[in-house]
Amino acid sequence: MPTDSSRSTDAGATLRLVMIATVMVLGRSSLVVAQAGQTTTVPAASQNPSPMVEETRSHQRLTQRSVGGVQRSFVGPEGKLVELWLPESARTRADIDLVVHFHGAAWLPEQAVAALDGRTAAAVVNLGVGSGAYHRAFADAPVFDSLLAGVTRELSAATGKAVRVGRLTLVGYSAGHGAVRAILREPRHFARVDAVLLLDGMHTSYVPDGTVLAAGGALDTTNLAAFAEFARAAMRGEKRFLVTHSEIFPGTFASTTETADWVLHTLGLHRTPVLAWGPLGMQQLSEVRAGRFELLGFAGNTAPDHVDQLHAMPVFLARLLR
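Below is a short write-up of the structure. Along each chain, the written sequence defines residue order, and numbers are assigned to residues from 1. With the structure being a predicted model, the display of local features is reserved for residues of pLDDT at least 70 and the display and counting of side-chain atom pairs for 80 or more, all residues being used for whole-chain, interface and lining totals. Here the side-chain values reflect all heavy atoms present in the structure, with hydrogen atoms and water set aside.

**Considerations on the pattern of salt bridges**
Any carboxyl oxygen of Asp or Glu within 4 Å of a side-chain nitrogen of Lys or Arg constitutes a salt bridge here. Counted under the stated rule, the structure contains 18 salt bridges. Asp 97 is the partner of Arg 119 in a salt bridge, and the nearest nitrogen-oxygen pair spans 3.5 Å. Separated by 22 residues along the polypeptide, Arg 119 in the loop between helix 2 (107-114) and strand 7 (120-125) and Asp 97 in strand 6 (residues 95-102) bring together distant segments of the chain. Using a relative accessible area of 11% as the deciding quantity, one classes Asp 97 as buried. Between Asp 97 and Arg 167 there is a salt bridge, with the nearest N and O atoms lying 4.0 Å from each other. Pair noted here: Asp 97 is in strand 6 and Arg 167 is in strand 8 (residues 164-173), with a separation of 70 residues, a long-range link. Via salt bridges that share partners, Asp 97, Asp 117, Arg 119 and Arg 167 belong to a single interconnected network. The way it works is that DSSP assigns letters per residue, a run of H or I at least four long becomes a helix, a run of E at least two long becomes a strand, and they are numbered from the N terminus. Only protein chains enter the area calculation, which uses a 1.4 Å probe; residues under 20% of their type maximum are buried, those over 50% are exposed, and those in between are partly exposed.

**What about the pairing of strand 6?**
Counting buried positions along strand 6 gives 7 out of 8 residues, so the element sits mostly inside the fold. Think of it this way: DSSP has to see at least two bridges between two strands before they count as a pair. The pairing of strand 6 with strand 8 spans 7 bridges and is parallel. Across the sheet, Val 100 pairs through a bridge with Leu 170, a residue of strand 8. The pairing of strand 6 with strand 7 spans 6 bridges and is classified as parallel. Looking at strand 7, one finds that Val 99 is bridged to Ala 122. This β-α-β element, strand 6 to helix 2 to strand 7, shows right-handed connectivity. Look down the strands so they point away from you; if the path from the first strand over the helix to the second goes clockwise, the crossover is right-handed.

**Considering the packing of helix 3 (residues 131-138) against helix 5 (residues 177-184)**
One can describe the packing of helix 3 onto helix 5 by two numbers: an axis separation of 7 Å at closest approach and a directional angle of 30°. It follows that helix 3 is roughly parallel to helix 5 by the angle criterion. You can see that helix 3 and helix 5 cross each other, and the crossing is right-handed. Contacts between helix 3 and helix 5 involve Ser 131, Tyr 134, His 135 and Phe 138 from the former and His 177, Gly 178, Ala 179, Arg 181, Ala 182 and Ile 183 from the latter. A fitted line through C-alpha atoms serves as each axis, taken over the contacting stretch for helices, and the angle formed by two N-to-C directions is quoted from 0 to 180°. Any angle that is under 35 degrees is reported as roughly parallel, and any over 145 degrees as roughly antiparallel; angles of 65 to 115 degrees are reported as roughly perpendicular and all others as oblique. For any helix crossing, the convention is left-handed if the near helix is rotated counterclockwise from the far helix by under a right angle, and right-handed if that rotation is clockwise. Two residues qualify as a contact provided that any one of their heavy atoms is within 4.5 Å of a heavy atom in the partner residue.

**Observations regarding the nonpolar core**
Membership of the largest hydrophobic core comes to 61 residues, with the highest contact counts inside it found for Phe 102, Phe 138, Leu 170, Phe 241 and Phe 293. No other element matches the 7 residues that helix 4 (residues 141-159) contributes to this core. Among the nonpolar cores identified, the runner-up in size contains 23 residues, and Trp 85, Ala 195, Leu 242 and Leu 321 belong to it. The nonpolar core is taken to be a set of buried Ala, Val, Leu, Ile, Met, Phe, Trp, Tyr and Cys residues, with the residues joined through side-chain atoms within 4.5 Å.

**Some details on the packing of aromatic side chains**
Whether two aromatic rings pair depends on their centres lying within 6.5 Å, for rings of Phe, Tyr and Trp, where Trp uses its six-membered ring; planes under 30 degrees apart make the pair stacked, over 60 edge-to-face, and the rest tilted. The full count for this structure, using the stated rule, is 7 aromatic pairs. Taken together, Phe 190, Phe 227, Phe 230, Phe 241 and Phe 293 form an aromatic cluster joined through their ring pairs. When the ring centre of Phe 74 is taken as reference, the NZ or CZ atom of Arg 153 above it lies at 5.6 Å. Think of it as a cone above the ring: NZ of Lys or CZ of Arg counts as a charge over the ring if it is within 6 Å of the ring centre and within 35 degrees of the ring normal.

**Digging into the sheet that holds strand 15 (residues 293-298)**
Overall, mixed pairing links the 10 strands, which are arranged 4-5-7-6-8-9-12-15-14-13 in an open sheet. Looking along the sheet, the strands with just one partner apiece sit at the ends: strand 4 (70-75) and strand 13 (272-277). Adjacent strand axes in the sheet meet at a mean angle of 20° when their direction is disregarded. The sheet contact formed by strand 9 (residues 195-199) and strand 12 (residues 240-245) spans 5 bridges and is parallel. The residue bridging Leu 197 from the neighbouring strand is Leu 242, located in strand 12.

The following block contains the structure:
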């Protein structure tokens, strides 16, 4: 039978037990640790990915395959390699259209561009994790000028003659949208870009930081203004703009659904409910069409739903440029 002393020791040990609780507050996950009467809150992670597992949709994936053509590369923004692909049929042309893709393995956008008209090249830029890395790299306007100059130089070397870049399309997947918004903020570049495709990647911060809309927060619209202006130009028929998004709710920053809703509200547009199959087993829930601006909403709050958007790029790119 335990003595009073041992009981006291047991009680002290019990008080010293570490109690850990996962607290979901405003979409953030924090660890609250209590030990010997002291409480410490461990800072939340920078992002709270969805823990859901989804087995309704098929989440079909493309596979890497040879698309022929000419492969080249050069050192671009932040000292990272820019991967360039040129179809064989374009080597006799003086004007070559260009798709610049931000974020993702090069083979997939190359497949998407290869399925187009045979006169379009693909340049793929990867700068790491987070839209901030892409935005900071292209916040200085001459960086995009240098990127286009490098592409033109390499295309000329591949064809053996002076080449001019014709129609220019920017594609931002996920974090890659940060580069697109930075580029469009420069009026000269805004005028130069003919088309934009955003694949589940139009994000922004909450104001105050981390305070979701349901808790009284607001969107930091400074990161969305350039997209709204490009959408207006597309509505007038001057540009082409296609936005796709899932239902993923990151919690620590605004979802692509919330940012899309803000853009639509700013433009005075409204979603049309849709129940339709999309590419690769995706399920479409909504759409908006106005001039050459189009927005497509898809089901899904899991990581595979996010990756679906990238693998559907060949379909979406063809739809944008048809």
